[in-house]
Amino acid sequence: HVRQKLGLHEQDRVIKIDRLRSVNGSVIVFVQTYIPSFLCPTLLDTDLSSGSLYAALRDQAGLAVVTGMRVVEAVLATSPMTTFLEVKKGSPLLKIESISFLADGRPLEYYEAWHRADRSKIEIEITAPAVPGLPYMAEIP
């Protein structure tokens, strides 16, 4: 599933990053991020507990997201999200599925995030790709 989203072959490896994010001590989102390991192998040794993933990708490998596609869906909380997000089974969550692309059109990152609907606000900005050859939203699998 992840390899398909990132356009990888079966033998390609990914780095999986699980993060639980909070604001002012209140848990708001659980994120599972996948990065092709060949793009930034030093990421495995990076402490992301208080730093930015995008800053680490930029600083360590010169990688920058230029565009992406995100899908937001309302879902009901099930295990293990009930534990991670400290909510009851069946509580409303907002699930975001995202693919981010480099300037040359290659996928850099795939993630799934589960946001507590009672503590989150999602703002979406829509822009057309400025780089020739990048897929438009309708072309993204």
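No experiment lies behind these values; they were computed from the predicted model shown.

## Some points on the sheet that holds strand S3 (residues 67-76)
Item 1. With antiparallel pairing, five strands are arranged side by side in an open sheet as S1-S2-S5-S4-S3. Unpaired on one side and paired on the other, strand S1 (14-23) and S3 mark the two borders of the sheet. Between one strand axis and the next, the sheet turns by 15° as a mean value, whatever way the strands run.
Item 2. Alignment of S1 against strand S2 (residues 26-36), held across 10 bridges, turns out to be antiparallel. Across the sheet, Leu20 pairs through a bridge with Phe30, a residue of S2.

## A word on the nonpolar core
Item 1. By size, the foremost hydrophobic cluster in this structure holds 13 residues, and its most contacted members are Leu43, Leu53, Leu57, Leu63 and Leu108.
Item 2. Here the element with the most residues in this core is helix H2 (residues 53-61); it accounts for three residues.
Item 3. Leaving out residues up to four positions away in the same chain, Leu53 has contacts with Ile17, Arg19, Thr33, Ile35, Leu43, Leu48 and Glu109.
Item 4. Counting residues in each nonpolar core, the second largest holds eight residues, with Val27, Leu85, Val87 and Trp114 among its members.

## Some words on unusual backbone geometry
If a residue is not glycine, its phi is most likely negative; likewise, a peptide bond is most likely trans.
Item 1. For the bond from Ser79 to Pro80, the omega torsion is 5°, close enough to zero to count as cis.
Item 2. For Pro80, the position within the fold is in the loop between S3 and helix H3 (81-84).
Item 3. Its identity is not glycine, yet Asn24 carries a phi of approximately 50°, on the positive side.
Item 4. Note that Asn24 resides in the loop between S1 and S2.
Item 5. The phi torsion at Glu86 lies on the positive side, around 60°, for a residue other than glycine.
Item 6. Mapped onto the elements of the fold, Glu86 is located in the loop between H3 and strand S4 (92-101).
Item 7. Of the residues examined, Glu86 reaches a relative accessible area of 56% and is grouped as exposed.

## What to know about the packing of aromatic side chains
We describe a pair of aromatic rings using the distance from one ring centre to the other and the angle between the two ring planes.
Item 1. Taken as a whole and judged by the stated rule, the model has three aromatic pairs.
Item 2. Taken together, the ring pairs connect Phe30, Phe84 and Trp114 into an aromatic cluster.

## What about the confidence of the model for the protein chain?
Item 1. Taken residue by residue, the protein chain gives an average pLDDT of 89. The fraction at 70 or more is 89%.
Item 2. Highest mean pLDDT in the protein chain belongs to strand S5 (residues 107-116) (97); lowest belongs to H2 (91).

## Observations regarding the pattern of salt bridges
Any two side chains of opposite charge can pair, so long as their charged atoms come close to each other.
Item 1. Applying the stated rule across the entire model yields six salt bridges.
Item 2. Lys5 serves as the salt-bridge partner of Glu97, at 3.2 Å between the closest nitrogen and oxygen. Taken together, the positions of Glu97 in strand S4 and Lys5 in helix H1 (residues 2-6) put the pair 92 residues apart, joining distant regions of the chain.
Item 3. Across the salt bridge formed by Asp118 and Arg116, the nearest N and O atoms sit 2.6 Å from each other.
Item 4. The exposed category is assigned to Asp118, whose relative accessible area is 56%.

Procedures and definitions
- Residues numbered from 1 in each chain as written.
- Predicted model: local features only at pLDDT ≥ 70, side-chain atom pairs only at ≥ 80, totals over all residues.
- Heavy atoms only, no water.
- Pairing = 2+ DSSP bridges.
- Helix = DSSP H or I, 4+ residues; strand = E, 2+ residues; numbered from the N terminus.
- Axes fitted to C-alpha atoms, helices over the stretch in contact; angles between N-to-C directions.
- Core = buried A, V, L, I, M, F, W, Y, C linked by side-chain atoms within 4.5 Å.
- Buried < 20%, exposed > 50% of the residue type's maximum accessible area, 1.4 Å probe, protein only.
- Contact = heavy atoms within 4.5 Å.
- Phe/Tyr/Trp six-rings, centres within 6.5 Å; stacked < 30°, edge-to-face > 60°.
- pLDDT = per-residue confidence, 0-100.
- Salt bridge = Lys/Arg side-chain N within 4 Å of Asp/Glu carboxyl O.

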